[in-house]
Amino acid sequence: MTTSVLDTGNTAWMLTSTALVLFMTLPGLALFYGGLVRTKNVLSVLMQCFSIASVVTVLWVAVGYSLVFVPAATPGTNALIGGLGKAFLANVPRGALSGSIPETLFAMYQLTFAIITPALIVGAFAERVGFAVMLLFSAVWSLVVYVPVAHWIWGGGWLQQLGVLDFAGGIVVHVTAGVAGLVAALYVGQRKGFPHTPMMPHSLTLSVVGAGMLWVGWFGFNAGSALGANGTAGMTLAATHVSAATAATVWMAVEWQRNGKPSVLGVITGAVAGLATVTPASGYVGIAGAMLIGALAAVVCFFSATTIKKRFGYDDSLDAFGVHGVGGFVGSILTGVFASVAYGGTETIDVYQQVGVQALACAVTAAWSGLVTWGTFALADRLLGARVEEEHELIGLDLTNHEERGYDLG
Amino acid sequence: MTTSVLDTGNTAWMLTSTALVLFMTLPGLALFYGGLVRTKNVLSVLMQCFSIASVVTVLWVAVGYSLVFVPAATPGTNALIGGLGKAFLANVPRGALSGSIPETLFAMYQLTFAIITPALIVGAFAERVGFAVMLLFSAVWSLVVYVPVAHWIWGGGWLQQLGVLDFAGGIVVHVTAGVAGLVAALYVGQRKGFPHTPMMPHSLTLSVVGAGMLWVGWFGFNAGSALGANGTAGMTLAATHVSAATAATVWMAVEWQRNGKPSVLGVITGAVAGLATVTPASGYVGIAGAMLIGALAAVVCFFSATTIKKRFGYDDSLDAFGVHGVGGFVGSILTGVFASVAYGGTETIDVYQQVGVQALACAVTAAWSGLVTWGTFALADRLLGARVEEEHELIGLDLTNHEERGYDLG
Amino acid sequence: MTTSVLDTGNTAWMLTSTALVLFMTLPGLALFYGGLVRTKNVLSVLMQCFSIASVVTVLWVAVGYSLVFVPAATPGTNALIGGLGKAFLANVPRGALSGSIPETLFAMYQLTFAIITPALIVGAFAERVGFAVMLLFSAVWSLVVYVPVAHWIWGGGWLQQLGVLDFAGGIVVHVTAGVAGLVAALYVGQRKGFPHTPMMPHSLTLSVVGAGMLWVGWFGFNAGSALGANGTAGMTLAATHVSAATAATVWMAVEWQRNGKPSVLGVITGAVAGLATVTPASGYVGIAGAMLIGALAAVVCFFSATTIKKRFGYDDSLDAFGVHGVGGFVGSILTGVFASVAYGGTETIDVYQQVGVQALACAVTAAWSGLVTWGTFALADRLLGARVEEEHELIGLDLTNHEERGYDLG
Amino acid sequence: MKFVIAIVRPNRADEVRQALAGVGVKGMTLTEAKGYGRQKGHTEIYRGAEYRIDFVPKVKIEVAIDDAELPLVLEAISRATKTGKIGDGKIFVLDLLETVRIRTGESGTAAL
Amino acid sequence: MKFVIAIVRPNRADEVRQALAGVGVKGMTLTEAKGYGRQKGHTEIYRGAEYRIDFVPKVKIEVAIDDAELPLVLEAISRATKTGKIGDGKIFVLDLLETVRIRTGESGTAAL
Amino acid sequence: MKFVIAIVRPNRADEVRQALAGVGVKGMTLTEAKGYGRQKGHTEIYRGAEYRIDFVPKVKIEVAIDDAELPLVLEAISRATKTGKIGDGKIFVLDLLETVRIRTGESGTAAL
Ligand SMILES: Nc1ncnc2c1ncn2[C@@H]1O[C@H](COP(=O)(O)OP(=O)(O)O)[C@@H](O)[C@H]1O
Ligand SMILES: Nc1ncnc2c1ncn2[C@@H]1O[C@H](COP(=O)(O)OP(=O)(O)O)[C@@H](O)[C@H]1O
Ligand SMILES: Nc1ncnc2c1ncn2[C@@H]1O[C@H](COP(=O)(O)OP(=O)(O)O)[C@@H](O)[C@H]1O
């Protein structure tokens, strides 16, 4: 952990992991989401993912990395937010190490997480929020939610001090993004016609491709969070893969039983649910724990993306909350159990107490993310109107926001 | 090989290779195959690849890995099948090593091979076999064919003891899958309208994407089989790439000469033929050997996918047998030649004798795979009907099996 | 650099980088370009990328690698071209090292650069040059332009002796390809209907996917050029990513301001411009330098792909010159500035003098590439007709060159 | 018999189907179309150049009916698709000489 | 002259083309369409919700013919596409006032 | 009123639109179609087998006009699309009994 010699093997794996996690967003998530919207909005979603990757990079390099990982100048505030000592990566020479890898690489690896988190949110308000609002929101949210929460949990902040366990971002990534998605969907309201008009995925083919990329990329997300090529990375990769496969299988079985037929959307959603849910636990659990987490992920997320959403009537277009948010909660709580050596995990913890810490961390970050999301949308609503005109929603965001069309196959 | 210290460089490469080989199936092969079927069946193929990846993972973790790689409890039976000592990876702690990499990682890397093998088969019976039959068949075949054959050749079984050479799965993967495909295609019969009705690929664009992913992923498949980042991995990568490129070039030339025009489908099929054929030899041969293998792969597979298939009239829909099966046979036999130091290879072998061993291994595994495939389909036929109703075949499997459509571009 | 012991970590990263750079072409660039052409030509572009990858591999293994990286037999000629000592990689045993990685691997890594360079060119003359001409041109150009220029700059040739800096191919790849594209576009003339008939991308969706793959793959292209998993690789990855993100952001801003709307094509083109432009400097610059290069890349390439192209009326179909060529020039010149320790870089150079060397290298290689391109097209024109018949251009190259269609969605 | 061709907004197809079914129409045929008229199209941008696309997406509904049904049918279509904004579309009525139901060979109004 | 519009099953287009060519028809025009009628559509499922899709894929074949050819043409289309199951489709016959072959300017039956 | 159906080459749609607008036509409707006729199709190759595709891409333009406009309209379409090579297409003229503009309820020539 704190060796100060560069290890080429660890560095090789982290270079690869950085590529893999960027690949999850570009084009993985972009495709997964892009395939699920209607033809007239496909570009808007791709554009959102691409521009978030670009703008968040600039913000991260400018201040984000430093505020998360550099101790605050005044120790008293470090519980809440880091310092600006490495703004613009100015004090990160190419020889600097973070553990046994170059610090520049560590900063870039962490950046890929900062990118995918706001990109996950756009799934919740897809097809009705304009590009400018989306961009404003993503920038603000990235700085005001992602950066402090990452500091609290990974950068030495108060939750880390409380002993919260979040191996690869169940809370930092999925809870924060999921809740933001739900709140945003509630703020902007349902898409016109929802839920009576069928709003079928325009290309499940693309979504399957995206799901495959997410699955593969997630090896970088979770096993990369070992920050080296070691036994933890190996077991984390195994736990990640097993959870995904179990969740896909269980989701398929549940659907088969309930609807008489398993669906493609179901299987890929199941896999993503398994991946998201195992994330916080992935580095701590054994194979059995991972299987159980995957199975639970499928059942709970199936329930949330179908029954609960229908029941409460919010329009979480692509189930950003239903899968990532709910999966994030479930996984983060279960981490308090399955990380324990008593249940095949690696940590010597008191399960009851740990579950309490996990729940507290989830609750506080969820509240903060929800609050800031509501506030930012209210602000954007004032400045630009939170959602596009009805006419534009009808025509689609591709033409009205970008004057382009996703396909011209004629 | 048997050092008991973890090497981070080797581990880094094997983590990457695991991601690359999974990527070959999800979404590589899924896209390659998915593009070749008609629009009404695209999702069925994607779904098959995805669900195989999920279900085989569960089976592999439960018993597959252990039965392949753990010695049988009673030494007498070990020639045929391994033991259950590591069922559910229960006795594989995160510190356990396999050579210089974590054993968990080794188990996951091998799993990606267990996944792609049954996924290759579905190309042979695409567009007419229902999802339930496919799933039942894949599960049975995985346990009854893949697991024992992998044990025979890689897990210390009788063929390995005979000295068979199969670096990355010419026999274990391609011969077994190709023959299963042929037998399944014969069992279920031709698609309605074959061969008179044109059944054009609905999106060669997708198939090209899939082929590109297969090519890149194959670096993990073959060079990963070196189980480390070393000189063998380097040469294996080179042999793999050179064989693919040579085969694509030769296939293009043959087509140009025979049909007056080179086709996109031809070039990508050539590349895949070159990759499949060099697989068993990839770690043993030199560059010249790889080129020769690639050239032969193109000529023989071209012949089998066009002339032979036409002549015998079986409907191997996407040429799973014609390319993978035939390429697997050719490559596995040629391994007996080009692996020899006399022909630029690494092994000090008697070529005649080695070719004999290779042929024996091919013949026995082919027979076993064919037999089990026929039996399983006969069983599935009883239980569920081996192929879908004519009406459903007409409408397409996407709607009738999954109530979804691949595209809704309107 | 000249350690003679294999380092598994460095080897792991270079194996991965080789996969990443091949992935940039197959399917990355193929998709990026393929999406931008009209439906009737999509396969032609994919086919061009695929067949270039195949044929260039054969040429590279046969003579290319040796001519670039092996010293000439007669030292006097080595300034211009290398020797044939490693033709067919005959004298490259699997134990041979290049630095701390296997030489076979080094040869393959470099091959992926030799592949993508002619593939970049096809974007300039897309939709009107037949397959045979394209193939002839690519083979000749690869041997007569790419191979000597790579030798001059990376293989110990005269420009390297002059001290030119080109970390990952700003001159070797982008200047040579960009200029060849421009000259080829001028030689064959505009597409019928250009610029009045709208020739919209048939699938921006595919282009976005391709752009994402290019971005990710570029980590292998630039950070892989460190030839190891070290501090330079980390900083190079950071510089590459930051330049891409900055360029995408700036392009978006410029478009928003000028056209009232940011476009998807703009954002992805901006990212590619940022990647191409930072390439020669990527291993030498700091973060601030990379940001500046990215911002300049966006502004200059935006200008060249819109205003300049319109002004001079050449039909560089997919902006191979406008983005890669211009970006290559700008980046190669700026390398002379930002590589300097005075501007946060790594090199102790005299900026004025270095800029002179960079400009000289750009000018000479551009002239050589342009000359050979014109000559080869003139030759191809004699033999085969440089562009397809008008009727075939109307029908599209997919049907007329390959008797296939990209989609059959009916 | 009459052959009625209605060009309507693409998102109105289902309303029209329901309205027609509501007045007793048993079948109809729908085609995707592009219309040019008073409703203006949109612009698309490509490398800084703006292109006007004059055609807008429409759906064409063809329905063969008995003469007596005509007023009801016209009314039903109008009701289902009218927004009062430019681009609502047109209904064209042609004379229909004969109809055959392929399955049974029936002809005339019995085949509708 | 008559203008014949046949709505048939999508996989029958080629059979119809051959049958029409067999009775001397020299040209025809085909469009993809969606039909609503007695033949029921399918359901699609999305996140657990089932949607009924009432329209089924059809192909519309339009062919302009000489009056005298009508019986043969009706018979040829029926023969080529009839399965006897619901959804075989319809044939509609309209009166055709004039035909022009653009290439030559010919008109009337000479232009068919 | 007349209902004019023109089957033309797909790349000629815009020329036809301009020509028609030039003679005062205010609206038209366009559909993608496939034509069979004297113009030969193309071959496609798949795994060494060659398939003939007899249908070629066409565009169908439908325009409702006042009787008096007919000669001008026929002439405009022909002018805009004629190349003199096989496959230029056909124009069919049918009688149009009634036209309704849905937006306003206007009918007859006022609705064109
Ligand atoms: N003369 C015509 N012939 C055929 N189709 C027409 C004609 N005029 C209009 N249309 C169709 O009706 C659609 C609506 O017409 P438009 O003039 O835009 O608005 P409105 O229906 O409100 O008058 C057009 O897009 C076109 O498809
Ligand atoms: N009145 C009608 N007007 C226009 N098209 C019709 C009409 N009735 C049926 N069709 C077309 O004919 C197709 C077949 O009709 P349907 O009632 O399903 O079966 P059948 O032809 O066996 O009676 C429909 O899908 C529709 O496209
Ligand atoms: N009798 C017909 N009925 C309907 N459409 C026809 C008929 N004859 C020709 N067409 C249409 O006109 C197109 C052009 O006809 P074709 O015979 O190829 O050339 P030309 O127009 O030069 O005579 C055909 O592709 C078809 O779409």
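Residues numbered from 1 in each chain as written. Chains lettered and ligands numbered in written order. Predicted model: local features only at pLDDT ≥ 70, side-chain atom pairs only at ≥ 80, totals over all residues. Heavy atoms only, no water.

(A) Focus on the overall build of chain A. Scanning chain A from N- to C-terminus turns up 14 helices and two strands. The C-alpha radius of gyration of chain A comes to 20 Å, within 12% of the 22 Å expected for a compact globule of 410 residues. Summarising its shape, the C-alpha atoms of chain A cover approximately 60 × 50 × 40 Å along the three principal directions. A total of 410 residues make up chain A; the buried ones form 70% of that total. (Helix = DSSP H or I, 4+ residues; strand = E, 2+ residues; numbered from the N terminus. Rg over C-alpha atoms; globule rule 2.2 N^0.38 Å. Buried < 20%, exposed > 50% of the residue type's maximum accessible area, 1.4 Å probe, protein only.)

(B) Focus on the overall build of chain D. The number of helices and strands found in chain D is two helices and seven strands. When the helices and strands of chain D are placed in sequence order, the string is β-α-β-β-β-β-α-β-β. Taken against the 2.2 N^0.38 rule, which gives 13 Å for 112 residues, the C-alpha radius of gyration of chain D at 17 Å runs more than 25% over that of a compact globule. By its C-alpha atoms, chain D is 60 × 30 × 20 Å across when sized along the principal axes.

(C) Summary view of the interface of chain C and chain B. At the junction of the two partners, chain C supplies 52 residues and chain B supplies 56 residues. In this assembly, chain C packs against chain B so that about 4100 Å² is buried in total across both faces, 76% of it on carbon and sulfur atoms. The largest per-residue losses of area from chain C upon contact with chain B belong to Leu15, Phe50 and Arg94 of chain C, which jointly make up 19% of the total buried on that side. At the junction of chain C and chain B, the tally comes to 16 residue pairs in polar contact (both at pLDDT 80 or more). (Contact = heavy atoms within 4.5 Å. Buried area = accessible area lost by both parts, 1.4 Å probe. Polar contact = N/O pair within 3.5 Å; in protein donor to acceptor, adjacent residues only side chain to side chain.)

(D) Seen up close, the relation of the copies chain A and chain B. Overlaying chain A with chain B gives an RMSD of 0.0 Å, the required rotation being 120° about an axis along which the chain moves by 0.0 Å. Taken together, the turn and the small shift mark the pair as related by a three-fold rotation axis. The rotation axis passes nearest to the C-alpha of Gly9 of chain A in chain A, at a distance of 2.1 Å. Counting the interface residues of chain A, we find that no more than 13% of their copies in chain B are interface residues as well, pointing to two distinct contact surfaces. (Least-squares fit on C-alpha atoms with pLDDT ≥ 70 in both.)

(E) The site of ligand 2, seen in detail. Around ligand 2, 21 residues are found, and the nearest of them are Thr29, Ala64 and Arg103 of chain D together with Arg38 and Gly87 of chain E. Proximal residues around ligand 2 fall on chains D and E, making this an inter-chain site. Between an oxygen atom of ligand 2 and a side-chain N or O atom of Arg101 of chain D, the distance comes to 2.9 Å. At 2.7 Å, a backbone N or O of Arg38 of chain E approaches an oxygen atom of ligand 2. Its free accessible area being 550 Å², ligand 2 has 99% of it covered by the protein chains. (Near = heavy atom within 4 Å. Areas by Shrake-Rupley, 256 points an atom, 1.4 Å probe, with all protein chains shown as cover.)

(F) Broad picture of the environment of Ala366 of chain B. By the secondary structure assignment, Ala366 of chain B is in helix α12 (residues 351-384). For the pair Ala366 of chain B and Leu165 of chain B, spaced 201 residues apart in the sequence, the C-alpha separation amounts to 16 Å.

(G) Broad picture of the side chain of Ser54 of chain C. Positionally, Ser54 of chain C belongs in helix α2 (residues 42-69). Classification of Ser54 of chain C as buried rests on a relative accessible area of 2%.

(H) View of the interface of chain A and chain B. On the side of chain B, 52 residues touch chain A, which itself brings 55 residues to the contact. Roughly 4100 Å² of surface becomes buried between chain A and chain B when both sides are summed, with 76% attributable to carbon and sulfur atoms. Summed over the shared surface of chain A and chain B, the result is one salt bridge. For Lys261 of chain A, the salt bridge goes to Glu403 of chain B, with nearest N and O atoms at 3.1 Å. On inspection of chain A and its partner chain B, the count reaches 15 residue pairs in polar contact (both at pLDDT 80 or more). Of all the secondary-structure elements, those providing two or more residues to the side of chain A that touches chain B are α1 (8-36), α7 (204-222), α8 (231-259), α9 (264-278) and α10 (287-312) of chain A. The biggest single contributor to the side of chain A that touches chain B is α8 of chain A, with 15 residues. For the side of chain A that touches chain B, the class distribution of residues is 35 nonpolar, 18 polar and two charged. (Salt bridge = Lys/Arg side-chain N within 4 Å of Asp/Glu carboxyl O. Nonpolar A, V, L, I, M, F, W, Y, C, P; charged D, E, K, R; others polar.)

(I) Molecular detail of the site of ligand 1. Taken together, 21 residues are adjacent to ligand 1, and Arg38 and Gly87 of chain D together with Thr29, Ala64 and Arg103 of chain F come closest. Those chains with residues close to ligand 1 are chains D and F. Interatomic distance of 2.7 Å between a backbone N/O atom of Arg38 of chain D and an oxygen atom of ligand 1. Residue Gly89 of chain D places a main-chain N or O atom 2.9 Å away from an oxygen atom belonging to ligand 1. Look at ligand 1: alone it shows 550 Å² of surface, and the protein chains cover 99% of it.

(J) Highlighting helix α6 (residues 170-188) of chain A. All names here are of chain A. An ideal rise of 1.5 Å per residue puts 27 Å on 19 residues; α6 measures up with 26 Å between its terminal C-alpha atoms. In terms of burial, α6 is largely enclosed, as 17 of its 19 residues are buried. Gly189 occupies a position one or two residues after α6 and carries a positive phi of about 85°. (Expected span 1.5 Å × (residues − 1).)

(K) Geometry of the pairing of strand β6 (residues 90-95) of chain F. Counting buried positions along β6 of chain F yields five of six residues, so the element is predominantly enclosed. The sheet contact formed by strand β7 (residues 98-101) of chain E and β6 of chain F spans four bridges and is antiparallel. Across the sheet, Glu98 of chain E pairs through a bridge with Val93 of chain F, a residue of β6 of chain F. Two strands pair when backbone bridges link them, and strand β1 (residues 2-8) of chain F and β6 of chain F are joined in this way by six bridges, in the antiparallel orientation. If you follow Ile5 of chain F over to β6 of chain F, its bridge partner there is Phe92 of chain F. (Pairing = 2+ DSSP bridges.)

(L) Broad picture of the pairing of strand β4 (residues 49-53) of chain D. Residues and elements named next belong to chain D. Summarising the sheet, strand β3 (residues 42-46) and β4 pair through five bridges and their orientation is antiparallel. For Ile45, the partnering residue across the bridge sits in β4 and is Glu50. Here β3 folds back onto β4 in antiparallel fashion, the turn holding two residues, of which Arg47 has a positive phi close to 50°.

(M) Region of the structure containing the relation of the copies chain C and chain B. With an RMSD of 0.0 Å, the operation that places chain C on chain B is a rotation of 120° combined with a shift of 0.0 Å along the axis. A different interface surface on each copy is seen, since only 13% of the contact residues of chain C are contact residues in chain B too.

(N) Broad picture of a nonpolar patch on the surface. Residue and element names in this part refer to chain B. On the surface, Leu143, Val144, Trp368 and Leu371 cluster together into a nonpolar patch covering about 330 Å² of accessible area. The set of elements that each furnish at least two residues to the nonpolar patch consists of α4 (131-154) and α12. Structurally, Leu371 is set in helix α12. What makes Leu371 exposed here is its relative accessible area of 58%. (Patch = residues over 30% accessible without salt bridge, like charges linked within 9 Å, V, L, I, M, F, W, Y side chains within 5 Å.)

(O) Here's a closer look at the pattern of salt bridges. All names here are of chain B. Enumeration according to the criterion identifies 63 salt bridges over all chains in this entry. In this structure, Glu103 and Lys86 form a salt bridge, with 2.7 Å as the shortest nitrogen-oxygen distance. Here Glu103 is found in helix α3 (residues 103-121), whereas its partner Lys86 is found in the loop between α2 (42-69) and β1 (97-98), with 17 residues between them in sequence. Among the residues examined, Glu103 registers a relative accessible area of 7% and is labelled buried. By relative accessible area, which is 21% here, Lys86 ends up partly exposed.

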